[in-house]
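# Results of the structural survey
Residue strings, one per chain:
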Amino acid sequence: MVWTKLHAEIHRTIRSRHLFECKKRLLVAVSGGQDSLCLIKLLLDLQSKWGWELGIAHCDHCWRADSQANALHVKNLAANWGVSFYLETANQPVNSEATAREWRYQALSAIAQIHNYEYIVTGHTASDRAETLLYNLMRGTGADGLQALTWQRPLTENILLVRPLLEITRKQTEQFCQEFQLPIWEDSTNQDLKYARNRIRQELIPYLQANFNPQAELAIAQTAELLQADVEYLERTAQQLKEEAMEWEVGEEFLSSSSPASLLLRLNRQVLQKAPLALQRRVMRQILQEILADAPNFEHIEKLTALITAPNRSQTDPFPGGAIAQVQGNWILFRNGERRNN
Ligand SMILES: Nc1ncnc2c1ncn2[C@@H]1O[C@H](COP(=O)(O)OP(=O)(O)OP(=O)(O)O)[C@@H](O)[C@H]1O
């Protein structure tokens, strides 16, 4: 086997970041594109050092005329490598990138669950990370959206999603595939400039590289890496602050006679007033994530955060689903919006 610099780099990354343990079962998500082919080849070559058992999963979204042929191509590669192959095919064509991603992770988790894989491994690269950061930046997001693609993320209680190529650029995976003559299946939709993601990849990043910084892609990906540690720290600290400030299902003695019946929880304003704005906002977001069905938006969080220092009796408009937050002395009370008959 030919051992390249990329093999050494990935081996080191897996060890230093504790991405996988020895002798585990790894399900590798292979689309057939250059990134996931590079990934599976590297993992196959490292397999004997780590004692892993590898499997290959492919998801057929049925949204391209050649998707069945693509699936067959990956199946044949798996057979040549002597690796177990699992295919999931969408019942109906999946028609947006977001729904495709959601369906794919569900399909991959189901395969991993049934066949006892503890890890699902994807070929996301530093280039994907830079693109995701730019995409989220333009849509408007806090640091959380900019941390863009984490190294590890639990998909279910016992399945971990791992992305070992986050420090490797797409240029490197392309060179690697050429060097080992890996048969890349070209995804025709990658060329379609109607997708924002493709315009970022093919127009925006080359523009930034040509006019601002030749290393822009890597620099942006590294920013995502730095932000990831910041976000992790802030989220953990906010969690502790929330636990200090919050009480669930408060007793009736805290309700005035005209109060709604169902008090969801209350927050101690004195505890929150001492905290910096960054943590106040995060506490409010975490609470809204718990009580709302959909992700809270910027305005929801800002209105709620303003109650920390607002005059007594101030309140928010109802959030989607009907919950309302209201100041009562030292407390912010969350109610579910229906009024009590008493
Ligand atoms: N149809 C699929 N089946 C299995 N895994 C997939 C599929 N599509 C994407 N993935 C996984 O998700 C990763 C990132 O997805 P993305 O949509 O960015 O892939 P891509 O551009 O097709 O990447 P690649 O160059 O690996 O094909 C891929 O590297 C692969 O591990």
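Residues numbered from 1 in each chain as written. Predicted model: local features only at pLDDT ≥ 70, side-chain atom pairs only at ≥ 80, totals over all residues. Heavy atoms only, no water.

In this section: the packing of aromatic side chains. Summed over all chains, the structure comprises six aromatic pairs. Centre to centre, the rings of tryptophan 50 and tryptophan 52 are 5.3 Å apart; their planes meet at 15 degrees, and the pair counts as stacked. Each of the two residues, tryptophan 50 as well as tryptophan 52, counts as buried. Measuring from ring centre to ring centre gives 5.7 Å for tyrosine 86 and tyrosine 117, while their planes differ by 80 degrees; the resulting arrangement is edge-to-face. Of this pair, tyrosine 86 sits in strand S3 (residues 84-89) while tyrosine 117 sits in the loop between helix H4 (97-114) and strand S4 (119-121), and the two are 31 residues apart along the sequence. Residue classification places tyrosine 86 among the buried positions, given a relative accessible area of 13%. Taken together, Phe20, Trp50, Trp52 and Tyr119 form an aromatic cluster joined through their ring pairs. Positioned above the aromatic ring of tryptophan 3 is the side chain of lysine 49, whose terminal nitrogen or guanidinium carbon lies 5.1 Å from the ring centre. Seen from the ring of tyrosine 135, arginine 197 lies directly overhead, with NZ or CZ sitting 5.9 Å from the centre. (Phe/Tyr/Trp six-rings, centres within 6.5 Å; stacked < 30°, edge-to-face > 60°. Buried < 20%, exposed > 50% of the residue type's maximum accessible area, 1.4 Å probe, protein only. Helix = DSSP H or I, 4+ residues; strand = E, 2+ residues; numbered from the N terminus. Lys NZ or Arg CZ within 6 Å of the ring centre and 35° of its normal.)

For the rest of this paragraph, the subject is helix H11 (residues 277-291). The end-to-end C-alpha separation of H11 is 21 Å, in line with the 21 Å expected for 15 residues at 1.5 Å each. Taken together, the buried positions of H11 are Leu279, Gln280, Arg282, Val283, Met284, Arg285, Gln286, Ile287 and Leu288. (Expected span 1.5 Å × (residues − 1).)

Attention now moves to the sheet that holds strand S5 (residues 152-156). Strand order in the open sheet formed by six strands is S3-S2-S1-S4-S6-S5, and the pairing between neighbours is mixed. Of all strands in the sheet, those with a lone pairing partner are S3 and S5, marking the two edges. Direction aside, the axes of adjacent strands within the sheet are offset by 30 degrees on average. Of the strand pairs in this sheet, strand S1 (residues 25-29) and strand S2 (residues 53-60) are connected by five bridges, and their pairing is parallel. In the strand pairing of S2, arginine 25 is matched with glutamate 53. Contacts between helix H2 (residues 34-50) and the sheet are confined to S1, S2 and S4, with S2 contributing the most and set at about 165 degrees to the helix. (Pairing = 2+ DSSP bridges. Axes fitted to C-alpha atoms, helices over the stretch in contact; angles between N-to-C directions. Contact = heavy atoms within 4.5 Å.)

Bringing the environment of tryptophan 248 into the picture now. Structurally, tryptophan 248 can be placed in strand S7 (residues 246-248). Sequence-wise, tryptophan 248 and glycine 55 are 193 residues apart; in three dimensions their C-alpha atoms are separated by 45 Å. Discounting residues that sit within four places of it in the chain, tryptophan 248 has contacts with Leu264, Leu265, Glu290 and Ile291.

Further remarks concern the pairing of strand S10 (residues 331-335). The buried fraction of S10 is high, at five of five residues. Neither face of S10 is left uncovered, since the one carrying Trp331, Leu333 and Arg335 and the one carrying Ile332 and Phe334 both have all their residues buried. Examined bridge by bridge, strand S8 (residues 263-268) and S10 share five bridges and lie antiparallel to one another. Residue arginine 266 lies in a different strand from S10, and its bridge partner there is leucine 333. Here strand S9 (residues 324-328) pairs with S10 via five bridges, running antiparallel. Within S10, the residue paired with isoleucine 324 across the bridge is arginine 335. Counted between consecutive antiparallel strands, the loop separating S9 from S10 contains two residues, among which glycine 329 sits at a positive phi close to 60 degrees.

Those residues carrying the UniProt feature "binding site: ATP" (unreviewed entry) are Ser31, Gly32, Gly33, Gln34, Asp35 and Ser36 in this numbering. By the secondary structure assignment, serine 31 is in the loop between S1 and H2. Exposure remark for serine 31: the relative accessible area of 40% places this residue in the partly exposed category. If near-sequence neighbours (up to four positions away) are discounted, serine 31 is found in contact with Ser36, His58, Asn70 and Val74. A distance of 3.1 Å separates a polar atom in the side chain of serine 31 from the backbone nitrogen of glycine 33. Within the element layout of this structure, glycine 32 appears in the loop between S1 and H2. (UniProt positions renumbered as here; feature names shortened; annotations may be inferred. Polar contact = N/O pair within 3.5 Å; in protein donor to acceptor, adjacent residues only side chain to side chain.)

Okay, the site of the ligand next. As a structural note, the neighbourhood of the ligand is formed by 16 residues, with Ala29, Ser31, Asp35, Ser36 and Cys59 the closest of them. Contact distances for the ligand include 2.6 Å between an oxygen atom and a backbone N or O atom of alanine 29. Cysteine 59 is positioned with one of its backbone polar atoms (N or O) 2.8 Å from a nitrogen atom of the ligand. Listing elements by their share of the shell around the ligand, those giving two or more residues are H2 and S2. (Near = heavy atom within 4 Å.)

Turning next to the sheet that holds S9. Spatial strand order, S7-S8-S10-S9: four strands in an open sheet with antiparallel pairing. Both outer strands of the open sheet, S7 and S9, are each paired with one neighbouring strand and no more. For this sheet the average axis-to-axis angle between neighbouring strands, irrespective of direction, equals 20 degrees. Across the sheet, H11 touches S7, S8 and S10, and the angle it forms with S8 is around 170 degrees.

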